[in-house]
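Per-entry structural report
These are the residues of each chain, in order.
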Amino acid sequence: MRYLDLRECKTGRERGLLHGSTFAGEISSLVTLRIYLACKISGFTRKGLLAIAEKHLPILKEFDDELYEELLGVAEGSGCSPAELVVLNQYTDIRDLSPEKWGDAGTTEGFTGEADYDGGCTMLWSKTDQGPIFAQTWDMHASAMPYVMMLRVTDAAGDDAYLLTLTGCLGMAGLNAAGLCIGINNLTSNDAVPGVVWSAIVRKALRESSPEAARDMLLSCKVGSGHHYLVCNADSVVSVETSGQRRKVIFSGEARDFVHSNHCLDAEIAACNRVPEFSTTQDRQDAMRASLDSKPIQSIEDAWQRLGSHDGYPRSICTNMASPEAPHAAATCAGIAFDPTRRRLLVVAGFTHNVDPEEFSF
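Residues numbered from 1 in each chain as written. Predicted model: local features only at pLDDT ≥ 70, side-chain atom pairs only at ≥ 80, totals over all residues. Heavy atoms only, no water.

Section: the overall build of the protein chain
Helices and strands together make up the secondary structure of the protein chain, namely 13 helices and 16 strands. Computed over C-alpha atoms, the radius of gyration of the protein chain comes to 19 Å, within 12% of the 21 Å expected from 2.2 N^0.38 for 362 residues, which places it in the range of a compact globule. C-alpha extents for the protein chain along the principal axes are approximately 55 × 45 × 35 Å. In the protein chain, which comprises 362 residues, the share counted as buried stands at 62%. Carbon together with sulfur atoms contributes 49% to the accessible area of the protein chain, which is approximately 12,800 Å² in total. For the protein chain, the distance from the average position of its 33 positive side-chain charges to the average position of its 48 negative side-chain charges is 2 Å. (Helix = DSSP H or I, 4+ residues; strand = E, 2+ residues; numbered from the N terminus. Rg over C-alpha atoms; globule rule 2.2 N^0.38 Å. Buried < 20%, exposed > 50% of the residue type's maximum accessible area, 1.4 Å probe, protein only. Areas by Shrake-Rupley, 256 points an atom, 1.4 Å probe, with all protein chains shown as cover. Lys, Arg positive; Asp, Glu negative; His and termini not counted. Charge placed at Lys NZ, Arg CZ, Asp CG, Glu CD.)

The structure is reproduced here in structure tokens:
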């Protein structure tokens, strides 16, 4: 797996410049791909999509100037525009916006299927005798798989973190040196608005001292669309579902374990989100729930094995629904498992089935 260490960079702009210049070709390619997919799925023209992406920039600057500068640095280093980097980072949220409300409408003519809508991430959190374990697959359009990588960052305050990400993305899931970790599931929101780039929310959560502090940040910041965020350390766990307008804590460690895929578990949040027609979310939720009910999680290695399940394939926890006719359909593009007590993580770029992961630790 590709790995970029940004700890020597002193500012957000410096981190972004190094990230952007190191992977300029990959970032440019992923920008082109995600603009194409976002336009085809949402119905925006390219011009309209980039115009609405621009509206996210002042929101990000107000939320966190250091992360705003980092995104600008990635844009500058890669030769892309800041609006293009917003599309790369905010892809799942920006495609939830309506062009009839927010900009120029294009066409979805000739586009097969709903890209990665038919799959998605499957998450588990579990208590064990050795402490809690948190793990998830990371499913996206299969064409994103070549861009998966790991980052290590230290921000201006000295907070140190490992992040699973894509070239050009601020971060998708991660673990900090204090043992706090975060992951997400995408939800498809009917009330999406321009908001904080969600990868910046992940990064900011990893600066917090506890899951409860991260919860308070999540509940107060301007989220743009639907997500489920889970934040935990060795002592506690918090799970928050959001839409563009609503957010709610749905789990705080009341049970031995917890599973989440790509549909809302809370009725109030579900009222503002939809499940795409061909989604496998319920199949994956049921499969992971049945796995944990059959045998509780024993260790991070055990959790990793659960992420590789092919039961019910291709509507399975680890999947590949892509084909030559549908190259952007869902696939498991990465997997990550956290042991916050021992401050270690297991990760792989690509399929999680029958694959030995790499390990990172503090």
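After that view, the rundown keeps rolling.
What to know about the environment of Cys 232
By secondary structure assignment, the location of Cys 232 is in strand E9 (residues 227-232). Residue classification places Cys 232 among the buried positions, given a relative accessible area of 0%. Among residues more than four places away in sequence, those in contact with Cys 232 are Trp 125, Phe 134, Gly 179, Leu 180, Cys 181, Pro 211, Val 237 and Pro 340. (Contact = heavy atoms within 4.5 Å.)

Points about the pairing of strand E3 (residues 133-141)
If a strand is regular, its side chains alternate between the two faces of the sheet. In terms of burial, E3 is a largely internal element, 9 of the 9 residues being buried. With 4 bridges connecting them, strand E2 (residues 123-126) and E3 associate as antiparallel partners. Among the inter-strand pairings, Trp 125 is bridged to a residue of E3, identified as Phe 134. Counting the residues that bridge the hairpin from E2 to E3 gives 6 residues, and of these Gly 131 lies at a positive phi of roughly 120 degrees. (Pairing = 2+ DSSP bridges.)

A look at the sheet that holds strand E11 (residues 247-251)
An order of E1-E4-E5-E6-E7-E9-E10-E11 is seen for the 8 strands of this open sheet, with the pairing classed as mixed. This sheet does not close on itself; its edge strands, each paired only once, are strand E1 (3-5) and E11. Geometrically, the sheet is characterised by an average inter-axis angle of 20 degrees between neighbouring strands, direction not taken into account. Strand direction decides the pairing type here: E1 and strand E4 (residues 148-154), joined by 3 bridges, are parallel. Bridge pairing links Asp 5 to Arg 152 in E4. (Axes fitted to C-alpha atoms, helices over the stretch in contact; angles between N-to-C directions.)

With respect to unusual backbone geometry
A cis amide bond, omega 10 degrees, links Tyr 313 with the succeeding residue Pro 314. Looking at where Pro 314 falls in the secondary structure, it is placed in the loop between helix H13 (300-307) and strand E14 (330-339). With phi around 55 degrees, Arg 343 is a residue other than glycine that occupies positive phi space. Looking at where Arg 343 falls in the secondary structure, it is placed in the loop between E14 and strand E15 (344-349). For Asn 354, which is not glycine, the phi dihedral falls at a positive 55 degrees. Inspection of the secondary structure assignment puts Asn 354 in the loop between E15 and strand E16 (358-361).

A closer look at the nonpolar core
Membership of the largest hydrophobic core comes to 93 residues, with the highest contact counts inside it found for Leu 85, Trp 138, Leu 164, Ile 201 and Leu 345. Top contributing element to this core by residue count: helix H2 (residues 24-42), with 9 residues. Not counting chain neighbours up to four residues away, the residues in contact with Leu 164 comprise Met 1, Trp 138, Val 148, Met 149, Met 150, Gly 171, Met 172, Ala 173, Ala 334, Ile 336 and Val 347. One finds Met 288, Trp 304, Leu 346 and Val 348 within the second-largest nonpolar core, a separate group that totals 15 residues. (Core = buried A, V, L, I, M, F, W, Y, C linked by side-chain atoms within 4.5 Å.)

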